[in-house]
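Structure at a glance
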Amino acid sequence: MKHILYNNSRQIIKKVKDIAYLENGMDTITAICTALSPSGIGIIRVSGEDAISITDKIFKGADKKKLAESESHTIHYGHIVDGDEIVDEVLVMLMKAPRSYTTEDVVEIDCHGGILVLKKVFNLIVSNGARPSEPGEFTKRAFLNGRIDLTGAEAVMDLISAKSDLARKNSVSVLNGVLYKKIKKIREEILLSIARIEAALDDPEHMSLDGYEEELNENIKKIQADIDVLIKSYDNGKIIKEGINTAIVGKPNAGKSSILNMFLNEERAIVTEIAGTTRDTLEESVNIGGITLNLIDTAGIRESDDLVEKIGIERSSKAIEKADLVLFVTDSSKDPDSEDDKIISMLGDKKTICLLNKQDLKQEMTVQEIKSHFEDMELKPEFLKISASTGEGKEELIELIKGMFFNGELSFNDEVMVSNLRQKNELIKATEALTKVRESIENSMPEDFLSIDLMSAYASLGEIIGEEVNDDLVDKIFSEFCMGK
């Protein structure tokens, strides 16, 4: 029972700190939530106890009714004024606590999207008692006020920065609580085990642990299997979220820049018959078939005395190191040589597709011939004939990439997908703690040891959803949000 009391104490301390923040730090905040650039509309958000009264000081509704006297979730037409001067014609959206994003009173002002107009309205709000928000502060308040958990908060930024429809769907799924519910269920199962052990330790006359260790071991196996599924989902989740870092490498004039242009359907990279045209890496992102490829067109790799070209080649090597996928482009109109072998030696254990480019020309290189140069590699590449200039093989390449990263099934069926490294690391900590429990059972250690490691796993999972998280981490997470969110 002492461990449960300790855990409860931590929860109480955290709640007290949060209440103190709510009471002392939850002043009224405001931010321009749309980009500061000429546009049709610009939105300014105000949240806090005085959000409505501050807006009432500068907003004159057409119906002459104060926002404080209006119903929640209504939209009001009128003007923002500075004394007798009309600043802008606006629509004001009113959301009274607790039915708002932050669970506080929230006002959103839809202005015309001019930079000067937005700044003028924003400054009026600040001069009447609000303060400029910190990055992510609106979402931080939603978290502290219990409207969303930490996985949901992190999903907000993932949704904003989503590069593909799959990334969007995964973010929405997490935002709607799919991951939270899974973690919460696992924590409840662990807590039941802790309670069983603590109750028996506190009242051994009425509760016995005889035979329970075997049952506990089986329960932990099942829990670890569930956690392992989440950990393994990270690789695909990360790729869905961030895209596949794809380095296009090869000798000079093998057609690397043409491959980049083929993906982009435009002449993004300069293509000439002169070897060494690309002197530095060129990066572009493209969405193909639901996958985001972060393409890096690298300088041709060869021996060179040219200082600029040598720097470009060095950067090509670093691009290979960071890549999730390497497209090794060869000129199939020529025989492979020692320079090809040098590039092959740099690939290591990277997932690689060897592209036999220039299929529209007379062929000198066969698949079997280039395959022989990869015999010493532990991870064998895929091979594909392609012509970047005509587009031959492009669709086959896309399908090949899908198969290498998504087992050929690029779909999303509301399954739990972890795409956040912080969450993955806490899952690993949790399963490591559970492994210690099983080792203690195997070594017939006292029940206290079981309880301590179970509590450690419980706490690590709590870090994921924000029930055990420390203030410094919360501040760090929300500091990475965009302004106005």
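Residues numbered from 1 in each chain as written. Predicted model: local features only at pLDDT ≥ 70, side-chain atom pairs only at ≥ 80, totals over all residues. Heavy atoms only, no water.

Remarks on the pairing of strand S2 (residues 39–47)
- Pairing analysis gives four bridges linking strand S1 (residues 29–32) to S2, with the strands arranged antiparallel. Within S2, the residue paired with isoleucine 32 across the bridge is isoleucine 44.
- The hairpin formed by S1 and S2 contains six residues between the paired strands.
- As judged from the seven bridges shared by S2 and strand S6 (residues 106–113), these two strands associate in the antiparallel manner. Along S6, the bridge assignment pairs serine 47 with valine 106. (Pairing = 2+ DSSP bridges. Helix = DSSP H or I, 4+ residues; strand = E, 2+ residues; numbered from the N terminus.)

Here's the deal with empty space enclosed by the protein
- Evaluation of the coordinates by the stated rule reveals two cavities of 30 Å³ or more.
- Estimates place the volume of the largest cavity at around 100 Å³.
- Contributing to the lining of the largest cavity are 17 residues, with Ala155, Asp158, Asn170, Val174 and Ser419 lying nearest its centre.
- Of all the secondary-structure elements, those providing two or more residues to the lining of the largest cavity are helix H5 (150–160), helix H6 (165–175) and helix H8 (212–242).
- Among the residues forming the lining of the largest cavity, the class breakdown is seven nonpolar, seven polar and three charged. (1 Å grid on protein atoms, 1.4 Å probe; cavity = no way out; pocket = protein on both sides within 12 Å on 5 of 7 lines; lining within 4 Å. Points joined across faces, edges and corners; volume = space filled by probe spheres on them. Nonpolar A, V, L, I, M, F, W, Y, C, P; charged D, E, K, R; others polar.)

Topic: the sheet that holds strand S11 (residues 325–331)
- What the six strands build is an open sheet, ordered S9-S10-S8-S11-S12-S13; its pairing is mixed. Every other strand in the sheet has two partners, leaving strand S9 (282–288) and strand S13 (382–385) as the edge strands with one partner each. Neighbour-to-neighbour, the strand axes of the sheet open up by a mean angle of 25°, direction not taken into account.
- In the sheet, strand S8 (residues 244–250) pairs with strand S10 (residues 291–297) via five bridges, with the strands oriented parallel. Its bridge partner being in S10, threonine 246 is matched across the sheet by leucine 295. (Axes fitted to C-alpha atoms, helices over the stretch in contact; angles between N-to-C directions.)

Overview of a negative patch on the surface
- Residues Asp360, Glu392, Glu395 and Glu396 make up a contiguous surface patch of negative charge.
- Considering the arrangement of structural elements, one finds glutamate 395 in helix H13 (residues 394–406).
- Its relative accessible area of 53% is what places glutamate 395 among the exposed residues. (Patch = residues over 30% accessible without salt bridge, like charges linked within 9 Å, V, L, I, M, F, W, Y side chains within 5 Å. Areas by Shrake-Rupley, 256 points an atom, 1.4 Å probe, with all protein chains shown as cover. Salt bridge = Lys/Arg side-chain N within 4 Å of Asp/Glu carboxyl O. Lys, Arg positive; Asp, Glu negative; His and termini not counted. Charge placed at Lys NZ, Arg CZ, Asp CG, Glu CD. Buried < 20%, exposed > 50% of the residue type's maximum accessible area, 1.4 Å probe, protein only.)

Remarks on the environment of valine 117
- With respect to the element layout, valine 117 can be found in helix H3 (residues 115–127).
- Judged by its relative accessible area of 22%, valine 117 falls in the partly exposed class.
- Taking C-alpha positions, valine 117 is 8.9 Å from glycine 42, a pair spaced 75 residues apart along the chain.
- In contact with valine 117, other than residues within four places in its own chain, are Asp88, Cys111 and His112. (Contact = heavy atoms within 4.5 Å.)

A short note on a nonpolar patch on the surface
- Together, Ile75, Tyr77 and Leu91 give the surface a local cluster of nonpolar side chains, amounting to about 290 Å² of exposed area.
- Residue placement: isoleucine 75 occurs in strand S4 (residues 74–82).
- In this structure isoleucine 75 comes out as exposed when scored by relative accessible area, which is 55%.

Looking at the packing of aromatic side chains
- One pass over the full model with this rule turns up four aromatic pairs.
- An angle of 85° between the planes, with centres 5.5 Å apart, marks the rings of phenylalanine 374 and phenylalanine 383 as edge-to-face. Here phenylalanine 374 matches phenylalanine 383 in class, with each residue buried.
- Taking 5.1 Å as the distance between ring centres and 45° as the angle between the ring planes, the aromatic pair formed by phenylalanine 478 and phenylalanine 481 counts as tilted.
- Within the aromatic cluster, the residues linked to one another by ring pairs are Phe143, Phe478 and Phe481.
- Its end group placed over the ring of phenylalanine 138, arginine 45 keeps NZ or CZ at 5.1 Å from the ring centre.
- In this structure, lysine 351 is placed above the aromatic ring of phenylalanine 405, and the distance from its NZ or CZ to the ring centre is 4.4 Å. (Phe/Tyr/Trp six-rings, centres within 6.5 Å; stacked < 30°, edge-to-face > 60°. Lys NZ or Arg CZ within 6 Å of the ring centre and 35° of its normal.)

Quick notes on the sheet that holds S2
- If you trace the seven strands from one edge of the open sheet to the other, you get S3-S4-S5-S6-S2-S1-S7, paired in mixed fashion. Unpaired on one side and paired on the other, strand S3 (59–61) and strand S7 (131–132) mark the two borders of the sheet.
- Against the sheet, helix H2 (residues 51–58) engages S2, S3, S4, strand S5 (85–95) and S6, with an angle of about 75° to S3.
- Running at roughly 150° to S6, H3 makes contact with S1, S2, S4, S5, S6 and S7 of the sheet.

Re helix H15 (residues 447–465)
- Under the 1.5 Å per step criterion, the end-to-end length of H15 is 28 Å for 19 residues, consistent within 8% with the ideal 27 Å.
- Just past H15, the residue glycine 466 takes up positive phi, approximately 95°. (Expected span 1.5 Å × (residues − 1).)

Considerations on the packing of H5 against H6
- It is the contact of H5 with H6, at a shortest axis distance of 8 Å, that shows an interaxial angle of 155°. As judged from the angle between their axes, H5 and H6 are roughly antiparallel. Judged by the sense of rotation from one axis to the other, the crossing of H5 with H6 is left-handed. Along its contact with H5, which presents Thr151, Gly152, Ala155, Val156, Asp158 and Leu159, the element H6 presents Arg168, Ser171, Val172, Val174 and Leu175. (Parallel < 35°, antiparallel > 145°, perpendicular 65-115°, else oblique. Left-handed = near helix turned anticlockwise from the far one by under 90°.)

So, H2
- Judged by how many residues are buried, H2 sits mostly within the fold: six of eight residues are covered.
- All of the buried residues along H2 are Ala51, Ile52, Ile54, Thr55, Asp56 and Ile58.
- Check the buried side of H2 and you find it contacts S2, S3, S4, S5, S6 and H3.

Focus on the side chain of threonine 352
- Relative to the assigned elements, threonine 352 resides in strand S12 (residues 351–357).
- Of the residues examined, threonine 352 reaches a relative accessible area of 3% and is grouped as buried.
- Within the structure, the side chain of threonine 352 is placed 3.0 Å from the backbone oxygen of lysine 350, a separation counted as a polar contact. (Polar contact = N/O pair within 3.5 Å; in protein donor to acceptor, adjacent residues only side chain to side chain.)

Considering the confidence of the model for the chain
- Of the residues in the chain, 87% reach a pLDDT of 70 or more, and the chain-wide mean stands at 85.
- In the model, residues 1–24 has pLDDT below 50 throughout and makes 32 contacts with residues more than four positions away in sequence or in other chains. (pLDDT = per-residue confidence, 0-100.)

Quick look at the nonpolar core
- Ranked by internal contacts, the top residues of the largest apolar core, which has 33 residues, are Ile190 and Leu427.
- Elements supplying a minimum of two residues to this core: helix H7 (178–202), H8, helix H14 (421–442) and H15.
- Ignoring sequence-local partners within four residues, the contact set of leucine 427 consists of Ile183, Ile227, Leu230, Ile231, Val418, Leu461 and Ile464.
- Listed in part, the 32 residues of the second largest apolar core include Ala167, Leu327, Leu397 and Ile401. (Core = buried A, V, L, I, M, F, W, Y, C linked by side-chain atoms within 4.5 Å.)

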